[in-house]
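An overview of the molecular structure
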Amino acid sequence: TTSTVVVNGPLPSQSICLGGTLSAALEFDYSSGTGTPSYQWYDENDNALIGATGSSYLPPSYDTPGTYGYYATVSLSGSGCDVATSMDAEVIVVADPVVEVEPVDASYCQDASLVDPLLIEVSGGTGTYSYQWYSNGVSSTVGGTQIAGATSSTYTPPVDVVGLLYYYCVITQS
């Protein structure tokens with residue numbers, strides 16, 4: 001009897017950032033055939049992955065950008081069963097996002113009419129960016145006050161009160 005492998009789990013292609021891991025293990029199951037299954041996972045160069053002998057495999061975190069491929073085989077102990085091979089799963093590892101902020105420092109007179117907006121430029125990573133601006137009385141990205149409605153890549157700070165405030169933006173990716 002010939003075995004047929006059906007891949008279950010993640011999409012055949014996934015993108016993650018450097019240092020990231022997949023949100024779910026690569027998995028596959030088979031249908032048909034007789035006997036006890038034996039699994040082996042391989043990389044895209046046909047190298048058997050040491051210790052990857054179960055029906056699922058979670059690759060370690062990635063420290064180098066690139067494209068990584070995996071597949072698995074299953075053999076059954078029953079008489080006449082062929083080795084079956086899964087479809088390839090592809091993992092694309094992209095560089096972490098890079099964030100630039102402009103201006104870094106600025107001083108304004110109270111009630112100034114021309115105030116340059118703070119601008120965040122993000123490149124790299126994967127997914128859609130989301131922004132949330134905060135203000136803080138100290139130079140820290142901890143303990144700031146969330147600014148309601150400030151959810152874009154730019155924010156124009158008010159200059160109606162005399163004093164020193166620090167601003168920062170938390171950027172997330174989907």
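What follows is about unusual backbone geometry. Following E102, the chain continues into P103 via a peptide bond in cis, with omega recorded as -20 degrees. When you line up the elements, P103 lands in the loop between β9 (98-102) and β10 (118-123). We note that D111 has phi near 60 degrees; this positive angle belongs to a residue other than glycine. Residue D111 is classed as exposed on the basis of its relative accessible area, which comes to 55%.

Attention shifts here to the side chain of N136. Its place among the elements puts N136 in strand β11 (residues 129-136). A distance of 2.9 Å separates a polar atom in the side chain of N136 from the backbone oxygen of S140. If near-sequence neighbours (up to four positions away) are discounted, N136 is found in contact with V142, G143, G144, L165, Y166 and Y168.

Under the definition given, this model contains nine aromatic pairs. Residues Y62 and Y68 carry aromatic rings whose centres are separated by 4.8 Å and whose planes lie at 45 degrees to one another, so their mutual orientation is tilted. The class of Y62 is buried, set by a relative accessible area of 5%. Y68 gets classed as partly exposed once you look at its relative accessible area, which sits at 21%. Here a set of aromatic residues connected by ring pairs shows up, and it is made of F28, Y39, W41, Y57 and Y70.

Here is what the cut-offs are and how they apply
Residues numbered from 1 in each chain as written. Predicted model: local features only at pLDDT ≥ 70, side-chain atom pairs only at ≥ 80, totals over all residues. Heavy atoms only, no water. Helix = DSSP H or I, 4+ residues; strand = E, 2+ residues; numbered from the N terminus. Buried < 20%, exposed > 50% of the residue type's maximum accessible area, 1.4 Å probe, protein only. Polar contact = N/O pair within 3.5 Å; in protein donor to acceptor, adjacent residues only side chain to side chain. Contact = heavy atoms within 4.5 Å. Phe/Tyr/Trp six-rings, centres within 6.5 Å; stacked < 30°, edge-to-face > 60°.

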